[in-house]
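Structural overview for review
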Amino acid sequence: YGLAAAIIPCYQMIKPLNILFRGFVYMLCIFAVEYVSGSFLKHFHLCPWDYSSCRFQVNGVIRLDYAPVWFATGLLFEWLLCRL
């Protein structure tokens, strides 16, 4: 959530595009950050989350069934941060 401010420069690049595409971009970015940070922390046995027992998980660090949540979260942050 701390990287929500990164949406502003991203939005400036993709604002002419369709809202569905923008939501997809935000979702992919959130997954990428979660995957990289989770993998890094897992390497040092410091990862506070473990999705290994979940059905739609990747290496225990991301859950693909969260895709709609991250899609909506990205668009919500876009609306909150870029509406002015």
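Presented here is an overview of the structure given in this document. (Residues numbered from 1 in each chain as written. Predicted model: local features only at pLDDT ≥ 70, side-chain atom pairs only at ≥ 80, totals over all residues. Heavy atoms only, no water.)

Observations regarding unusual backbone geometry
Apart from glycine, the bulk of residues carry a negative phi angle, and the bulk of peptide bonds sit in the trans form. For His45, which is not glycine, the phi dihedral falls at a positive 55 degrees. Here His45 shows up in the loop between helix 2 (19–43) and strand 1 (57–58). Among the residues examined, His45 registers a relative accessible area of 73% and is labelled exposed. With a phi angle near 55 degrees, Asn59 is a residue other than glycine that sits in the positive phi range. (Helix = DSSP H or I, 4+ residues; strand = E, 2+ residues; numbered from the N terminus. Buried < 20%, exposed > 50% of the residue type's maximum accessible area, 1.4 Å probe, protein only.)

Comments concerning the packing of helix 2 against helix 3 (residues 67–82)
The N-to-C vectors of helix 2 and helix 3 enclose an angle of 110 degrees; their axes lie 8 Å apart at closest approach. Relative to helix 3, the element helix 2 lies roughly perpendicular. Judged by the twist between their axes, the crossing of helix 2 over helix 3 is right-handed. Residues Ile19, Leu20, Arg22, Gly23, Phe24, Tyr26, Met27, Ile30, Phe31 and Glu34 of helix 2 form the contact with helix 3, whose own contacting residues are Ala67, Trp70, Phe71, Gly74, Leu75 and Glu78. Residue composition of the contact of helix 2 with helix 3, grouped by class: 11 nonpolar, 2 polar and 3 charged. (Axes fitted to C-alpha atoms, helices over the stretch in contact; angles between N-to-C directions. Parallel < 35°, antiparallel > 145°, perpendicular 65-115°, else oblique. Left-handed = near helix turned anticlockwise from the far one by under 90°. Contact = heavy atoms within 4.5 Å. Nonpolar A, V, L, I, M, F, W, Y, C, P; charged D, E, K, R; others polar.)

So, the packing of aromatic side chains
The tally for this structure, following the rule as stated, stands at 3 aromatic pairs. Centre to centre, the rings of Phe40 and Phe44 are 5.1 Å apart; their planes meet at 65 degrees, and the pair counts as edge-to-face. Accessibility expressed as a relative area gives 52% for Phe40, which makes it exposed. A residue is classified by how much of its surface remains accessible, and Phe44, at 45% relative accessible area, is partly exposed. Between Tyr51 and Tyr66, the aromatic rings sit 5.9 Å apart at their centres with planes inclined by 70 degrees, giving edge-to-face as the arrangement. (Phe/Tyr/Trp six-rings, centres within 6.5 Å; stacked < 30°, edge-to-face > 60°.)

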